[in-house]
Amino acid sequence: MAQFTFWDILRNLLLATQWTILLSLIAFIGGGAVGLLVCAARITRHRAVTWAARLYIELLQGTPLLMQLFLCFFGLSLLGLDVPPLVAAALALTLYTSAFLGEIWRGCVEAIPKGQWEASASLALSWPEQMRYVILPQALRIAVPPTVGFAVQVVKGTALASIIGFVELTKAGTMINNATFESFLVYGLVALLYFALCFPLSLLSRRLERRLNVARTA
Amino acid sequence: MSLVRLDGVEKRFGALQVLKGIDLKIESGQVVAIIGRSGSGKSTLLRCINGLETHDDGRITVDGRVVGEDAKALRDLRQSVGMVFQQFNLFPHLSAGRNVMLAPMVVKHTSEREAEGLARDCLAQVGLAEKFGAYPEQLSGGQQQRVAIARALAMQPKIILCDEITSALDPELVGEVLKVVKDLAERGMTLIMVTHEMGFAREVADLLVFMHQGRVHEAGPPAQLFDAPQTAELRQFLGAVL
């Protein structure tokens, strides 16, 4: 049996970390794009659209991410589509992220005081103009900290992709553990690597939040 | 023809009838002060005039236009009806100058240079020429409210609605805002204001409207209403506030 040195283990884990980062980025960018649509659908005044968006959000927030992964992976293959694990994981995480980001952003838009709507309406701005020039610039500012904060959840969520066989950090850890039986060392390193990804994001989120509070005490 | 005309205007919030048939005629250049207890429907009445609230019955015309629910028609109407709010409602992400420039640029497609000149003029009119670049949070309440007035002026409205514009101010800041409003009145702007400043209403208004339980209970020249109130309700109200 081949012997694994500490450096072998770490090197392999670091290689797999790249996939975790890639999957996180896809999920976050894809989820952000879809999330924008979800947010828009939630705040329009078209009842049917709002309801559809609400259903979408409730379904995705009310089911485990793991089930969503299974459905994307096995469900699509039942339909005769042979999807590689990366695609299934990216799809599931995108849907999941979009539901949460859409709802976070809707909250930010609705946090803008009614007076801002009334003042801009009485200046004869149309709804899209109110959004573009008055509401969104303010909503974006307050959206930054919770958005960055949610990115942490996405990074950790990618660990579930290991179950459908996608070799990211957690899966790589499991495989190395199976070969070395050094569970504590391997999973300790895996955890540390996740921490190294998430901690800077948490810090950034908290920093942004503090800066925002200072600027908005008026 | 009257600039603003209300005929039998009614407004309900659910089971609560806030306006119970308001008739009112306001001529160009008139300064109208609306007084009354809280809950008497003063603010609602004001907000119906520029369509911030829809009315359920009756008819409101402003400058020959009927106030309805069509969004485009409302926007046209609002170009000639400015509004100033109790809580200022300045846009906190924009400087004072940009607050004033926004609507002319977005709604009237005024060029940036022209809008800036306009904004400087309007800010000068309210005594804040030097605050063009200041953000709302850097201004006192009185200054913020004056920027809000300048913002309304920049659209060159025919009427300005003032909804208790000094009620959120510290007492020592009330005067500077009232002075600006008085200037506007003297220059012939049509003003409709809901106010608790009785002294100011008496001094500046041409028409005083006393509202009680959703109706115009008494209306007329301020001196007449203040000195010889005809109804017990007005006497009681004046007794409580003066």
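Residues numbered from 1 in each chain as written. Chains lettered and ligands numbered in written order. Predicted model: local features only at pLDDT ≥ 70, side-chain atom pairs only at ≥ 80, totals over all residues.

## Considerations on the confidence of the model for chain A
When pLDDT is averaged along chain A, the result is 91, and 96% of the positions lie at 70 or above. For chain A, the element scoring lowest by mean pLDDT is helix α8 (residues 183–215) of chain A, at 88; helix α5 (residues 114–122) of chain A scores highest, at 97. (pLDDT = per-residue confidence, 0-100. Helix = DSSP H or I, 4+ residues; strand = E, 2+ residues; numbered from the N terminus.)

## Description of unusual backbone geometry
Residues and elements named next belong to chain B. Its identity is not glycine, yet D63 carries a phi of approximately 55 degrees, on the positive side. Under the C-beta neighbour-count criterion, D63 is labelled partly exposed, with 18 such atoms within 10 Å. Even without a glycine there, the phi angle at E164 is positive, about 50 degrees. Tracing the backbone shows E164 in the loop between β7 (159–163) and α6 (171–186). (Buried ≥ 20, exposed ≤ 12 C-beta atoms within 10 Å, placed from the backbone.)

## Observations concerning the pairing of strand β8 (residues 190–194) of chain B
Residues and elements named next belong to chain B. By the criterion of burial, β8 is predominantly enclosed, with 5 of the 5 residues buried. A two-sided burial pattern is seen for β8, the buried positions comprising T190, I192 and V194 on one face and L191 and M193 on the other. With 4 bridges connecting them, strand β3 (residues 31–36) and β8 associate as parallel partners. Note that in β8 the partner of I34 across the bridge is V194. The sheet contact formed by β7 and β8 spans 5 bridges and is parallel. Within the sheet, the bridge partner assigned to D163 lies in β8 and is V194. Regarding the hand of the β-α-β motif, the stretch spanning β7, α6 and β8 is right-handed. (Pairing = 2+ DSSP bridges. Right-handed = clockwise from strand over helix to strand, strands pointing away.)

## Some thoughts on the interface of chain B and chain A
Contacts between chain B and chain A engage 19 residues on the former and 16 residues on the latter. The element that contributes the greatest number of residues to the side of chain B that touches chain A is helix α3 (residues 96–107) of chain B, accounting for 4 residues. For the side of chain B that touches chain A, a count of residues per class yields 11 nonpolar, 5 polar and 3 charged. (Contact = placed C-beta atoms within 7 Å. Nonpolar A, V, L, I, M, F, W, Y, C, P; charged D, E, K, R; others polar.)

## A short note on the pairing of strand β6 (residues 81–84) of chain B
Residue and element names in this part refer to chain B. Neither face of β6 is left uncovered, since the one carrying V81 and M83 and the one carrying G82 and V84 both have all their residues buried. Here 4 bridges tie β6 to β7, and the two strands are oriented parallel to one another. Counted as the bridge partner of G82 is I160 from β7.

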